[in-house]
Amino acid sequence: MPSVVGLLEQHELAARRRVDGLREEADRIQAELAAAEQEWLEWTIARERVGAVLSAPGGCPADAVVAERPGGAEAEAGVQASPVVAVKAKSQVPVWREGLAVTALSADYQRILAALADRVRLSALWQTGSCSSGSG
């Protein structure tokens, strides 16, 4: 028959192994959580930057500053990104045909086309140096 002390040591060893296993799992989950939070932050920054560029009224994209980031960090004063608007599922885009006006597109698609059309103008501004941080 095993001794009482021997049985207690076996239970203690099993409990210690369980604690060690749970600590390892907690460390793994903490690392996974940190990676997921970083990915969330990166996607949020990307969305805010696109919103700032699309909402910039003819100014330089560098003048548009993002309003808020995950974790409550406030950004500097400047042009804020437009409020988040839910994307409408399955927006219908008309088939292109000769003479079709841009107004046939939804407002969101019109802003996208305007941003693409401004690409040449903005790249020219950046190349000439007339659009720099602090001037607009």
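Not measured: the values here are computed from a predicted model. (Residues numbered from 1 in each chain as written. Predicted model: local features only at pLDDT ≥ 70, side-chain atom pairs only at ≥ 80, totals over all residues. Heavy atoms only, no water.)

## Considerations on the overall build of the protein chain
Moving on, step 1. Looking only at helices and strands, one finds two helices and zero strands in the protein chain.
Moving on, step 2. Taking as baseline every contact in the protein chain between residues at least 6 positions apart, the subset at least 24 positions apart corresponds to 45%.
Moving on, step 3. As displayed, the protein chain has an accessible area near 11,200 Å², and 59% of this comes from carbon and sulfur atoms. (Helix = DSSP H or I, 4+ residues; strand = E, 2+ residues; numbered from the N terminus. Contact = heavy atoms within 4.5 Å. Areas by Shrake-Rupley, 256 points an atom, 1.4 Å probe, with all protein chains shown as cover.)

## Here's the deal with the pattern of salt bridges
Side chains that differ in sign of charge can pair as their charged atoms come close.
Moving on, step 1. Evaluated as defined, the whole model comprises two salt bridges.
Moving on, step 2. Taking the shortest distance from any N to any O, the salt bridge between Glu32 and Arg28 comes out at 3.1 Å. Here Glu32 pairs with Arg28, and both are found in helix H1 (residues 4–55), just four residues apart, close to one helical turn.
Moving on, step 3. Among the residues examined, Arg28 registers a relative accessible area of 46% and is labelled partly exposed.
Moving on, step 4. Across the pair Arg111 and Asp108 runs a salt bridge whose closest N-O atoms are separated by 2.3 Å. With Arg111 and Asp108 both in helix H2 (residues 107–128) and three residues apart, the pair spans about one turn of that helix.
Moving on, step 5. For Arg111, a relative accessible area of 42% corresponds to the partly exposed category. (Salt bridge = Lys/Arg side-chain N within 4 Å of Asp/Glu carboxyl O. Buried < 20%, exposed > 50% of the residue type's maximum accessible area, 1.4 Å probe, protein only.)

## Thoughts on a nonpolar patch on the surface
Moving on, step 1. A contiguous nonpolar surface patch, about 660 Å² in accessible area, is contributed by Val50, Leu54, Val93, Val102, Tyr109, Ile112, Leu113 and Leu116.
Moving on, step 2. Elements with a contribution of two residues or more to the nonpolar patch: H1 and H2.
Moving on, step 3. Per element, the largest residue contribution to the nonpolar patch is four residues, and it comes from H2.
Moving on, step 4. Turning to its location among the elements, Leu54 is positioned in helix H1.
Moving on, step 5. Judged by its relative accessible area of 33%, Leu54 falls in the partly exposed class. (Patch = residues over 30% accessible without salt bridge, like charges linked within 9 Å, V, L, I, M, F, W, Y side chains within 5 Å.)

## Some remarks on the confidence of the model for the protein chain
One rule of thumb: low pLDDT means the predicted coordinates there are not for detailed reading.
Moving on, step 1. Looking at the protein chain as a whole, the pLDDT averages 76, with 68% of positions reaching at least 70.
Moving on, step 2. Between residues 63–69, whose pLDDT stays under 50, and residues either more than four places distant or in other chains, the model counts 28 contacts.
Moving on, step 3. In this model, residues 72–82 is a region of pLDDT below 50 whose contacts with residues beyond four sequence positions or in other chains number 24 contacts. (pLDDT = per-residue confidence, 0-100.)

## Brief notes about H1
Moving on, step 1. Its 52 residues place the ends of H1 75 Å apart at the C-alpha level, agreeing with the 76 Å of an ideal helix rising 1.5 Å per residue.
Moving on, step 2. By the burial criterion, the buried members of H1 are Thr44, Ile45, Glu48, Gly51 and Ala52. (Expected span 1.5 Å × (residues − 1).)

## Regarding the side chain of Thr44
Moving on, step 1. Structurally, Thr44 can be placed in helix H1.
Moving on, step 2. Judged by relative accessible area, Thr44 falls into the buried class, the value being 8%.
Moving on, step 3. In terms of polar contacts, Thr44 uses its side chain to reach the backbone carbonyl oxygen of Trp40, at 2.8 Å. (Polar contact = N/O pair within 3.5 Å; in protein donor to acceptor, adjacent residues only side chain to side chain.)

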